[in-house]
Amino acid sequence: MTDTLNGKGLALIPRTDAKQTLKDFKSDQEVRWCPGCGDYAILAAVQSFLPELGLRRENIVFVSGIGCSSRFPYYLNTYGFHSIHGRAPAIATGLAASRPDLSVWVITGDGDALSIGGNHLIHALRRNVNLNILLFNNRIYGLTKGQYSPTSEIGKITKSTPMGSLDKPFNPISLALGAEAGFVARTIDSDRKHLQSVLRQAAEHRGASLVEIYQNCNIFNDGAFDTLKDPGTRDEITVRLEHGQPIVFGTGDNERAVRLSPTGGVEVVRRAEVADSEILVHDAHNPDPSLAFALSRLDEPAFEHVPIGVFRSVDRPSYDHLLNEQVQTATAEKGTGSLADLLHGGDTWTIG
Amino acid sequence: MTKQVQQLDRVIIRFAGDSGDGMQLTGDRFTAETAQFGNDLSTLPNFPAEIRAPAGTLPGVSSFQLHFADHDILTPGDAPNVLVAMNPAALKANLGDLPKGADIIANTDEFTKRNLSKVGYDGNPLEDDSLSEWRLHAVPLTSLTVKALEGYDISKKDAERAKNMFALGLLSWLYHRPTEGTIQFLEAKFAKKPEIAKANIAAFQAGWNYGETTESFSVSYEIKPATLRPGTYRNISGNQALAYGLIAASVQSKLPLFLGSYPITPASDILHELSKHKRFGIRTFQAEDEIAGVGAALGAAFGGSLGVTTTSGPGVALKAETVGLAVTTELPLIVVDVQRAGPSTGMPTKTEQTDLLMALYGRNGESPVPVLAAATPSDCFTMAIEAARIALKYRTPVMLLSDGYLANGSEPWRIPEIDELPDISVLFTTEPNGDDGAYLPFKRDSETLARPWAVPGTAGLEHRIGGIEKADGTGNISYDPDNHDKMVRLRQAKIDGIDVPDLTVDDPDGDARVLVLGWGSTYGPIAAAARRVRAAGHKVAQAHLRHLNPLPANTGEVLRSYDKVLLPEINLGQLAMLLRARYLVDVISYNRVRGLPFKAAELAAVIQDVIESD
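Conventions and cut-offs
Residues numbered from 1 in each chain as written. Chains lettered and ligands numbered in written order. Predicted model: local features only at pLDDT ≥ 70, side-chain atom pairs only at ≥ 80, totals over all residues. Heavy atoms only, no water. Helix = DSSP H or I, 4+ residues; strand = E, 2+ residues; numbered from the N terminus. Rg over C-alpha atoms; globule rule 2.2 N^0.38 Å. Buried < 20%, exposed > 50% of the residue type's maximum accessible area, 1.4 Å probe, protein only. Contact = heavy atoms within 4.5 Å. Areas by Shrake-Rupley, 256 points an atom, 1.4 Å probe, with all protein chains shown as cover. Lys, Arg positive; Asp, Glu negative; His and termini not counted. Charge placed at Lys NZ, Arg CZ, Asp CG, Glu CD. Pairing = 2+ DSSP bridges. Axes fitted to C-alpha atoms, helices over the stretch in contact; angles between N-to-C directions. Domains from an automatic or database assignment. 1 Å grid on protein atoms, 1.4 Å probe; cavity = no way out; pocket = protein on both sides within 12 Å on 5 of 7 lines; lining within 4 Å. Points joined across faces, edges and corners; volume = space filled by probe spheres on them. Nonpolar A, V, L, I, M, F, W, Y, C, P; charged D, E, K, R; others polar. Polar contact = N/O pair within 3.5 Å; in protein donor to acceptor, adjacent residues only side chain to side chain. UniProt positions renumbered as here; feature names shortened; annotations may be inferred. Phe/Tyr/Trp six-rings, centres within 6.5 Å; stacked < 30°, edge-to-face > 60°. Salt bridge = Lys/Arg side-chain N within 4 Å of Asp/Glu carboxyl O. Buried area = accessible area lost by both parts, 1.4 Å probe. Expected span 1.5 Å × (residues − 1).

Scanning chain B for helices and strands turns up 20 helices and 23 strands. Taken over the C-alpha trace, chain B has a radius of gyration of 27 Å; the compact-globule value for 614 residues is 25 Å, and the two agree within 12%. With the principal axes as the frame, chain B shows a C-alpha extent of 90 × 65 × 45 Å. Considering chain B as a whole, with its 614 residues, one finds that 62% of them fall into the buried category. When contacts within chain B are restricted to residue pairs at least 6 apart in sequence, long-range pairs at least 24 apart make up 77% of them. Total accessible area computed for chain B in this model is approximately 23100 Å², and 50% of it derives from carbon and sulfur atoms. Side chains of chain B give 59 positive and 74 negative charges; the mean places of these two sets differ by 3 Å.

Structure (structure tokens):
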């Protein structure tokens, strides 16, 4: 029986008893994002949360692709690899598959992960490679100065789409769930407490974790998530998903609930109009991803009601675990390989 | 009737049939018997890219050529002495290569009106006089096989399918091959279907007995074993040798091998082979695409594995950006390109040497990469270890070129003793190398210019690398103009300074005026051609490049010491252009790009022309 390290996601990674602080995780490099960028908040949240994990710093690796967010590894005093546009999941797969003793983090953006690197992302998720993938979604291309991205809304006016973009955006959560990722969550740059709580759960999950982080680009797409941040609207549209809790949101007369819809999905209804027993209780550990997928469709049309939190957290064996198990099985069955025996295998003949 | 036995010094046999006729298997088995017998040999499989083209058609013809001799040989042979034609398509497709007087063994059962018309024969060539200039042996292989298998509990279809084993038995009789190996092979192959095993063995033996009794074959042939260098031998194909070389490199470097690969003809067999040897600690990863294959290999290299990716030309095109990242992050990586006919999809199962310039230059920026090329199937073993040696010692991606001809061709290989293999072990950096306990990931070794290699998990050496230009020493992001100029030159100097053995010249009398130079898989045909030219009383020197970047230090000197340098290549003159540019030597190119290896006779004529022309 395969041990999936259920609930012990960090068990293989060496720990330290030494007290770590935020300062230990800051590199000596000057941070060079635009002033006001949401990336600062995420960096600060990560730097201050990493010490809590108690892992040896040298066993943490940040791998990134290309884009504003992908500069992230330079600012953390861990091992880091700033790679190629879209390819971070592929590079991190080789690292994580060969080194089960590492906590490997992929930092990526909506363009990097969903456009040029879409293929690698879905395959890393379906394989359940032991990665924590942080997808900074600002719904715009920042580093190339403001073209629409695969998460931009239809009709987005940008430099490359002066008459409005034509293509329907990806919903990263739906995409990840479609690839049957074991851990899928959404959080937001401005809510440090929520962000860190989600990151902690992602880190502790052995296997592929996808965390979508709504991140504001104040230069090219400022205010994209304002309705989720503005105290006047925030609580009316944010649907906080908590495992084991009925899914309700909104305040006062506007309090609403989520229930199963007759069409097979989920729907939002006025709280006052439903019995408690009808309200959907969130089950992040449900092996069937269908309900999690249905929840990910709640914000269609976009930003009317936006689920935040852990959509799915299900254990299954991680890719490195299965790969190493094959190596161990092969060795146990036939012994460690002998090069001389290998070369002399098959039909041989001797001369002289 | 006592049959006559004739002594021969060498024979070239071509088995040809429909893709479904099992010609590759038949060829493999005849090769194994021949290797077991002790002849020197060389093989050339030739098959369509289509898995099953329509039966009986010309595009569906699959063939396997084997050259074996009582002396050392260098190529699979130019023209077959014997053609085994399992159907009209096989006859039609191969007759053009067959010299007059050669033997044709044709399966008459398949020469039906329908099959004949499929390939455009008006009449039956076995029955009219059109084959009178060859020695035709018309044998009803299928019906003889079915008859021999009466009484076995197998379907008629399975009985017919065993006709290739009947043919193998007949050929084994004809050339006095040992049969035990094939019987054992069939027992093992069909262990789960004992009735099929028995039937195939019976068909094989029936073929042998048929040769012994029929009047159709009055002579059998004996080819004495070759005298090869003492040692233990096995037959090996280029892809298998390359896989074994990579395993040996892993053992000799004491690093776990990580292969990231995406299936592609003709490289896939390396992935298949390596995936069988997990007990060497090998991890094979079949990626979602070529880019992920090389990406994963590079990620594993960052983590301290021996990172390898295997592919063919179109795959190299896709991997280019990641190879560039390996160049600039200075991580060891082996990229194997089993070249095939291009451009684009080209002819996937046919060979070519057309990726040299891509291997050398197919990346953005100044992106120097060492390039190696194996000369023979068994040389793939040696060059795989050499690729690893250079990658690890200099912390660089290395491009190792093979091609379809080497990949699928085979030859006897003297198995090296383990202590003959080089020690290529590396030491990871575990201590700070800068002031105040700092770690400088780009502080170079003064001799090799290699940077240190500190892998994740090493305390105190945490550092960041990436594709953006790095400051010399610290590796921090740098846009400083002079730093960039310096780093570009340092990376180039590191590759230029790789220790590469001198180019050796084979010039028996030492006074030849013409040098024939080659690289990669043309070694066999060029060396065989040089022998012929010398046997005809001419003088020619021969040299072969296995290191294409950097070139051996004495290359210019060697080229300049001959009046003429002839360079045959299976491309339009890629190396010739480089040598002309670099050494200002007026290299004479000979180029053919037919998807097939050169023939020795063809090159002998070209060499002779160059010697005689003034």
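Further notes follow.
Across its full length, chain A carries eleven helices and twelve strands. Compactness check: chain A gives a C-alpha radius of gyration of 22 Å against a globular reference of 20 Å for 352 residues, within 12% of the reference. Its C-alpha atoms give chain A principal-axis dimensions of roughly 95 × 50 × 45 Å. Long-range pairs, those at least 24 residues apart, make up 67% of the contacts in chain A between residues at least 6 apart in sequence. When the accessible surface of chain A is split by element, carbon and sulfur atoms take 52% of a total near 14400 Å². Chain A carries 34 positive and 41 negative side-chain charges, and their two centres are separated by 5 Å.

So, on to the sheet that holds strand β16 (residues 410-414) of chain B. Within the open sheet, the three strands sit side by side as β12(A)-β9(B)-β16(B). Their pairing is antiparallel. On the outer flanks of this sheet lie β12 (348-351) of chain A together with β16 of chain B, each paired with one strand and no other. Pairs of neighbouring strands in the sheet enclose a mean axial angle of 35°, with direction left out of account. Bridge count for strand β9 (residues 231-237) of chain B against β16(B) is five bridges, and the pairing is antiparallel. By the bridge assignment for β16(B), Asn235(B) is matched with Pro412(B).

Before going further, it helps to spend a moment on unusual backbone geometry. Here the residue pair Thr265(B) and Pro266(B) is connected by a cis peptide bond, since its omega of 0° sits within 30 degrees of zero. Position of Pro266(B) relative to the elements: it lies in the loop between β10 (257-261) and α10 (268-275).

Attention now moves to the domain arrangement of chain B. As far as domains go, chain B holds domain 1 (4-222), domain 2 (234-420), domain 3 (427-499) and domain 4 (505-612). For domain 1 of chain B and domain 3 of chain B, the distance between their C-alpha centroids amounts to 59 Å.

Let us look at empty space enclosed by the protein. Residues and elements named next belong to chain B. Counted by the stated rule, this structure contains four cavities of 30 Å³ or more. In this structure, the largest cavity spans a volume of roughly 110 Å³. Around the largest cavity, the lining is made up of 14 residues, and of these Leu44, Pro45, Thr349, Thr351 and Gly404 lie nearest the centre. Elements that contribute at least two residues to the lining of the largest cavity include exactly β3 (40-46) and α15 (404-408). For the lining of the largest cavity, the residue count by class is six nonpolar, seven polar and one charged.

Residues and elements named next belong to chain B. Along the chain, Asn433 falls in the loop between β16 and β17 (464-466). Reaching out from Asn433, the side chain makes a polar contact with the backbone nitrogen of Leu440 at a distance of 2.6 Å. Not counting residues within four places of it along the chain, the set of residues in contact with Asn433 comprises Ala438, Tyr439, Leu440, Lys443 and Pro452.

The positions that UniProt labels "domain: Thiamine pyrophosphate enzyme TPP-binding" (unreviewed entry) are, in the present scheme, residues 66-213 of chain A. A distance of 17 Å separates the end C-alpha atoms of residues 66-213 of chain A, which is 32% helix and 20% strand.

This part is about the packing of aromatic side chains. Both the distance between ring centres and the angle between the ring planes are used here to describe each pair of aromatic rings. For the structure on display, the rule yields 23 aromatic pairs over all chains. With a centroid separation of 6.1 Å and 35° between ring planes, the pair formed by Phe62(A) and Phe72(A) is classed as tilted. Of the two residues, Phe62(A) is situated in strand β1 (residues 60-64) and Phe72(A) in the loop between β1 and β2 (79-82); the sequence distance between them amounts to ten residues. Take Phe62(A): its relative accessible area is 0%, and that puts it in the buried class. Seen in terms of ring centroids, Phe428(B) and Trp453(B) are 4.9 Å apart; in terms of plane orientation they differ by 90°. Their pairing is edge-to-face.

Time to look at the pattern of salt bridges. Residue and element names in this part refer to chain B. Taken as a whole and judged by the stated rule, the model has 45 salt bridges over all chains. Residue Arg414 is joined to Glu420 by a salt bridge in which the shortest nitrogen-to-oxygen separation is 3.2 Å. For Glu420, a relative accessible area of 42% gives the class partly exposed. Overlapping salt bridges, with partners in common, bring together Glu386, Arg389, Lys393 and Asp499 in one network.

Here we come to the UniProt feature "domain: Pyruvate/ketoisovalerate oxidoreductase catalytic" (unreviewed entry) in chain B. In the UniProt entry, the feature "domain: Pyruvate/ketoisovalerate oxidoreductase catalytic" (unreviewed entry) is given for residues 20-207 of chain B. Structurally, residues 20-207 of chain B is divided into 42% helix and 16% strand, and its ends, taken at the C-alpha atoms, are 20 Å apart.

The next point concerns the sheet that holds strand β13 (residues 333-339) of chain B. Residues and elements named next belong to chain B. Here seven strands make up an open sheet; going across it, the order is β11-β10-β12-β13-β15-β14-β21 and the pairing mixed. Looking at the sheet topology across the chains shown, the edges are occupied by β11 (283-286) and β21 (547-549). Geometrically, the sheet is characterised by an average inter-axis angle of 20° between neighbouring strands, direction not taken into account.

A word on the interface of chain B and chain A. At the junction of the two partners, chain B supplies 72 residues and chain A supplies 58 residues. Considering only the surface of chain B that becomes buried against chain A, Arg279(B), Glu288(B) and Arg464(B) emerge as the three largest contributors, covering 15% of it. On the surface where chain B and chain A come into contact, there are two salt bridges. At the junction of chain B and chain A, the tally comes to 29 residue pairs in polar contact (both at pLDDT 80 or more). Listing elements by their share of the side of chain B that touches chain A, those giving two or more residues are α1 (23-37), β9, α9 (238-253), β11, α11 (290-302), α12 (313-329), β16 and β17 of chain B. In terms of residue count, α11(B) provides more of the side of chain B that touches chain A than any other element does, eight residues in total. Its residues assigned to classes, the side of chain B that touches chain A shows 39 nonpolar, 22 polar and eleven charged. Looking at chain direction, β2(A) and β17(B) are connected through three bridges and run parallel. The partner of His82(A) across the bridge, within β17(B), is Gly466(B).

With that settled, consider helix α14 (residues 379-394) of chain B. Each full turn of the α-helix corresponds to 3.6 residues, which orients residues three or four apart in the same direction. Residues and elements named next belong to chain B. Under the 1.5 Å per step criterion, the end-to-end length of α14 is 22 Å for 16 residues, consistent within 8% with the ideal 22 Å. Where burial is concerned, most of α14 is hidden: 14 out of the 16 residues are buried. A positive phi of about 50° marks Arg395, the residue just after α14.

Residues and elements named next belong to chain A. Taken domain by domain, chain A comprises domain 1 (3-245 + 284-327) and domain 2 (248-281). The C-alpha centroid of domain 2 is placed 29 Å from the C-alpha centroid of domain 1. With eleven residues of domain 1 in contact, the opposing surface of domain 2 contributes twelve residues. A buried area of about 960 Å², summed over both sides, lies between domain 1 and domain 2, and 68% of it is on carbon and sulfur atoms. On the domain 1 side of the contact with domain 2, Glu236, Leu291 and Leu298 bury the most area, a combined 44% of that side's loss. Joining domain 1 to domain 2, the criterion identifies one salt bridge. The interface formed by domain 1 and domain 2 contains four residue pairs in polar contact (both at pLDDT 80 or more). Sorting the residues of the side of domain 1 that touches domain 2 by element identifies α8 (234-237), β7 (238-241) and α9 (290-296) as the ones contributing at least two each.

It is worth spelling out the environment of Arg114(B) at this point. All names here are of chain B. Tracing the backbone shows Arg114 in helix α3 (residues 113-118). A relative accessible area of 59% places Arg114 in the exposed class. When the C-alpha atoms of Arg114 and Arg560 are compared, they prove to be 61 Å apart, with 446 residues separating the residues in sequence.

All names here are of chain B. With six of its seven residues buried, β3 lies for the most part within the structure. Strand direction decides the pairing type here: β3 and strand β4 (residues 61-69), joined by seven bridges, are antiparallel. Of the residues in β4, the one forming a bridge with Asp40 is Ala69.

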